[in-house]
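# A closer look at the structure
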Amino acid sequence: MQNRIDQLFAAKQHGVLNIYCTAGYPELNDTLPVMTALQQHGADLIELGMPFSDPLADGPVIQDSGTRALKNGMSVHKLFEQLAGFRDRIHVPVILMGYFNPVLLYGVEAFVKKCAEVGVDGVILPDLPMAEYVAEYKTIFEENNVNLIFLVTPETSDERIRQLDSLSKGFLYAVSSSSTTGKDKDMSHQQAYFERLQQLKLQNPVLIGFGIKDKATFDAACRYTNGAIIGTAFIKALGEGKDIDDTVRNFIGSIK
């Protein structure tokens, strides 16, 4: 069976909007209401953050949301409880984004099988080394039809980008610049990097993340790739909003 992420990119090659939200934020049981609102108001893809106490790539806003979610009682076990049966109402692709330590504690094979069981389509683990993935875990992911999505940065060599592209399933996550999430970026400064990705004629669709925060940055990213990922700006809006549905509708409306 074709993975939902592959189905999405087969149907839509441009302007794909992936929204990141932290599981268990703002409140523990807000995970599904946020996801439902995202689907309803036009997100093409949902990236669900698994909060972790030591998030290497996250800026202050996403770190704070993760800290709050952990205080709320969120864990990998709790997340899978919340996701049981979620496919009855959510049909867009869903990716879990997080760090390798909680997955290792849960048990990698058990984690991947659980993803497949509940209906998660892909996983992003920025701190899982490529060589370790190939040697230890690639077969588990492939057997369960769960995509592992790799990240590339402006510093990644062409050769390594090609390697990561050949291993990545679903899409390739292009980090817009070498910093944490949420930093203001001038997308025009990244033009050479984005053009280089285009010229490599990669086998996967490419989504740009980090620093995409409004219509202007989203449109700029979409000029070079298949779409973009918005995290910090959405988390900020969610933290300040009173009503989840209103907040999500207004936020996505401002991008699209």
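Residues numbered from 1 in each chain as written. Predicted model: local features only at pLDDT ≥ 70, side-chain atom pairs only at ≥ 80, totals over all residues. Heavy atoms only, no water.

### Considering the overall build of the protein chain
- From N to C terminus, the protein chain includes 12 helices and 9 strands.
- A compact globule built from 256 residues would reach a C-alpha radius of gyration of about 18 Å, and the protein chain, at 17 Å, matches this within 12%.
- Referenced to the eigenvectors of the C-alpha coordinate spread, the extents of the protein chain come out at roughly 45 × 40 × 35 Å.
- The burial tally for the protein chain puts 57% of its 256 residues in the buried class.
- If you take every contact in the protein chain between residues at least 6 apart in sequence, the share linking residues at least 24 apart comes to 75%. (Helix = DSSP H or I, 4+ residues; strand = E, 2+ residues; numbered from the N terminus. Rg over C-alpha atoms; globule rule 2.2 N^0.38 Å. Buried < 20%, exposed > 50% of the residue type's maximum accessible area, 1.4 Å probe, protein only. Contact = heavy atoms within 4.5 Å.)

### Side note on the packing of helix H4 (residues 76–83) against helix H6 (residues 108–118)
- Between H4 and H6, whose axes approach to 10 Å, the crossing angle comes to 20°. On the basis of the axis angle, H4 is roughly parallel to H6. Read as a crossing pair, H4 and H6 show a hand that is left-handed. Contacts between H4 and H6 involve Val-76, Phe-80 and Leu-83 from the former and Phe-111, Lys-114, Cys-115 and Val-118 from the latter.
- Grouping the amino acids of the contact of H4 with H6 by side-chain chemistry returns 6 nonpolar, no polar and 1 charged. (Axes fitted to C-alpha atoms, helices over the stretch in contact; angles between N-to-C directions. Parallel < 35°, antiparallel > 145°, perpendicular 65-115°, else oblique. Left-handed = near helix turned anticlockwise from the far one by under 90°. Nonpolar A, V, L, I, M, F, W, Y, C, P; charged D, E, K, R; others polar.)

### What to know about helix H2 (residues 31–40)
- The element H2 is extensively covered by neighbouring structure, given that 7 of its 10 residues are classed as buried.
- Residues of H2 that are buried include every one of Thr-31, Leu-32, Val-34, Met-35, Ala-37, Leu-38 and Gln-39, and no others.
- On its buried face, H2 sits against strand E1 (16–22), strand E2 (45–49), H4, strand E3 (94–97), helix H11 (232–240) and helix H12 (244–255).
- Looking at the residues trailing H2, positive phi occurs at Gly-42, about 115°.

### Overview of the sheet that holds strand E8 (residues 206–209)
- Taking strand neighbours across the sheet as the criterion, the 9 strands line up as E5-E4-E3-E2-E1-E9-E8-E7-E6 in an open arrangement whose pairing is parallel. Both outer strands of the open sheet, strand E5 (147–149) and strand E6 (151–152), are each paired with one neighbouring strand and no more.
- Pairing geometry for E3 and strand E4 (residues 122–124), over 3 bridges, is parallel. The residue bridging Leu-96 from the neighbouring strand is Val-123, located in E4. (Pairing = 2+ DSSP bridges.)

### Let's talk about unusual backbone geometry
- Across the junction of Tyr-25 and Pro-26, the peptide omega takes the value 0°, indicating a cis bond.
- Inspection of the secondary structure puts Pro-26 in the loop between E1 and H2.
- One non-glycine residue with positive phi stands out, namely Asn-145, at about 55°.
- If you trace the backbone, Asn-145 turns up in the loop between helix H7 (130–143) and E5.
- In this structure, Lys-201 takes a positive phi of about 50° despite not being glycine.
- Tracing the chain through its elements places Lys-201 in the loop between helix H9 (191–199) and E8.
- Among the residues examined, Lys-201 registers a relative accessible area of 70% and is labelled exposed.

### A closer look at the environment of Gln-198
- Considering the arrangement of structural elements, one finds Gln-198 in helix H9.
- You can call Gln-198 partly exposed: its relative accessible area is 38%.
- For Gln-198 and Tyr-224, which are 26 residues apart along the polypeptide, the C-alpha to C-alpha distance reads 6.8 Å.
- Setting aside residues up to four positions removed in sequence, Gln-198 forms contacts with Arg-223 and Tyr-224.
- A polar side-chain atom of Gln-198 sits 3.4 Å from the main-chain carbonyl oxygen of Tyr-224. (Polar contact = N/O pair within 3.5 Å; in protein donor to acceptor, adjacent residues only side chain to side chain.)

### A word on helix H3 (residues 60–72)
- Taking 1.5 Å of rise per residue, the 13 residues of H3 would be expected to cover 18 Å, and the 18 Å separating its terminal C-alpha atoms lies within 8% of that figure.
- For H3, every residue scored as buried is listed here: Ile-62, Ser-65, Gly-66 and Ala-69. For H3, the buried positions fall inside an angular range of 100° around the axis, keeping them on one side. For H3, exposure combined with an orientation more than 90 degrees from the buried face picks out Pro-60, Asp-64 and Lys-71.
- Residues of H3 that are buried make contact with E1 and H11.
- Note on H3: the residue one or two positions beyond its end, Gly-73, has a positive phi of about 110°. (Expected span 1.5 Å × (residues − 1). Arc of directions from axis to C-beta.)

### Considerations on the UniProt feature "active site" (unreviewed entry) in the protein chain
- As annotated in UniProt, the feature "active site" (unreviewed entry) corresponds to Glu-47 and Asp-58 in the numbering used here.
- Tracing the chain through its elements places Glu-47 in strand E2.
- Looking at Glu-47, the relative accessible area reads 1%, which means it is buried.
- With residues near it in sequence (within four places) discarded, Glu-47 still touches Asn-18, Ile-19, Tyr-20, Cys-21, Ile-95, Met-97, Ile-124, Tyr-173 and Ile-229. (UniProt positions renumbered as here; feature names shortened; annotations may be inferred.)

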